[in-house]
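Fold and contact review
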Amino acid sequence: MTDADTGADEGRIVVGVSGSLGSLAALHHAVAEARRTDVEVLAVLCWTPPGEELGYRRSVCPPVVDAGRDAAVARLRQALDEAFAGRHAGVRLRCQAVRGETAHTLVRCADRSDDVLVLGAGRERGCLSRLIRPSISAYCVRHATCPVLTVPRPPLQRDLEALERGYGLRDLVAGN
């Protein structure tokens, strides 16, 4: 049996899922593209132990890692239920909760040249926030060996962010 027979060389759509509105929009976009091109979707939720990897290395505690993995799997299931209302997505969909820092892990998962990595656009962030936590999308664009597609934030996410900042309340109340 060759790679062509097993589909091992077939491209996939790898999509980062966190449960945020942006990641759910990316998941919907990935599924729509998979329907069009008849490829598999690999939904990946990245997670790290509480206190991040460095904290875990200082104080190894396997039950904490098990609890973190279980929480990540539950979050991935919840995101899929929210995205598809508990129904079948209509495409070949494989899901993984993968331990590791998000940007590096997504690039590692989308390791085939014919893969497509789909990401939801994150929240608007200030300069300080960008310095402390660099953009996942920017990292993936720079380091991925496959095309990277960033799906714009959904309008609802933009409205919610505006409300959190205190802007846009008058526009939402007025119906604009």
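Sequence order sets the numbering: in each chain, residues are counted from 1 along the sequence as written. In keeping with the predicted nature of the model, local features appear solely for residues at pLDDT of at least 70, side-chain atom pairs appear and are counted solely at 80 or more, and the whole-chain, interface and lining totals rest on all residues. The basis for every side-chain value is the complete set of heavy atoms in the structure, and neither hydrogens nor water enter the calculation.

1. Some points on the overall build of the protein chain
Scanning the protein chain from terminus to terminus reveals nine helices and five strands. A run of H or I in DSSP counts as a helix once it spans at least four residues, and a run of E counts as a strand once it spans at least two, with each numbered from the N terminus. In the protein chain, the order of α-helices and β-strands from amino to carboxyl end is α-β-α-β-α-α-β-α-β-α-α-β-α-α. Out of the 176 residues belonging to the protein chain, those deemed buried represent 34%. Restricting to contacts in the protein chain with at least 6 residues of sequence separation, those with at least 24 account for 78%. Throughout this description, buried means an accessible area under 20% of the type-specific maximum (1.4 Å probe, protein chains only), exposed means over 50%, and partly exposed covers the range between. Here, residues are in contact when the closest pair of their heavy atoms is within 4.5 Å.

2. Some remarks on helix H5 (residues 102–109)
Turning to H5, its buried residues are Ala103, Thr105, Leu106, Val107 and Cys109. Those residues of H5 hidden inside the fold are in contact with strand S1 (12–16), strand S2 (40–47), strand S3 (93–99), strand S4 (116–120) and helix H7 (136–143).

3. Describing the confidence of the model for the protein chain
Summing up the model confidence of the protein chain, the mean pLDDT is 81 and the portion of residues at 70 or higher is 72%. Along the chain, pLDDT gives the predictor's confidence residue by residue, from 0 to 100. Throughout residues 1–7 the model reports pLDDT below 50, and contacts reaching past four residues in sequence, or to other chains, amount to four contacts.

4. Observations regarding the nonpolar core
Within this scheme, the nonpolar core is defined by two criteria: the residues are buried Ala, Val, Leu, Ile, Met, Phe, Trp, Tyr or Cys, and they are joined through side-chain atoms within 4.5 Å. Judged by nonpolar contacts, the single largest core of 25 residues is most densely connected at Ile13, Val15, Val17, Leu27, Val41, Phe84 and Val118. Listing elements by their share of this core, those giving two or more residues are S1, helix H2 (21–37), S2 and helix H4 (62–84). Every residue in contact with Val15, bar those within four places of it in the chain, is listed here: Ala26, Leu27, Ala30, Val41, Leu42, Ala43, Val44 and Val118. Judged by nonpolar contacts, the second largest core, of 16 residues, contains Ala103, Cys109, Leu117 and Leu119.

5. So, the pattern of salt bridges
Each salt bridge in this description consists of a side-chain nitrogen of Lys or Arg and a carboxyl oxygen of Asp or Glu lying within 4 Å of one another. The full count for this structure, using the stated rule, is five salt bridges. One salt bridge in this structure joins Asp66 and Arg69, with 2.5 Å as the shortest N-O distance. Taken together, the positions of Asp66 and Arg69, both in helix H4 and three residues apart, correspond to about one turn of that helix. Taking the relative accessible area as the measure of exposure, Arg69 reaches 36% and is therefore partly exposed. Linked by salt bridges that have partners in common, Arg12, Asp111 and Asp115 make up one network.

6. Details of the sheet that holds S3
Read from one edge to the other, the open sheet built from five strands follows the order S3-S2-S1-S4-S5, with strand pairing classed as parallel. A single partner strand is all that each edge strand has here, and the edge strands are S3 and strand S5 (148–151). Here the average twist between neighbouring strands, direction ignored, is 25°. Paired strands are those between which DSSP finds at least two bridges. Judged from the seven bridges that link them, S2 and S3 form a sheet pairing that is parallel. The residue bridging Cys46 from the neighbouring strand is Val98, located in S3. Angles shown run from 0 to 180 degrees and are taken between the N-to-C directions of axes, each axis being a line fitted to C-alpha atoms and, for helices, limited to the stretch in contact. H7 rests against S4 and S5 of the sheet, and its axis sits at about 165° to S4.

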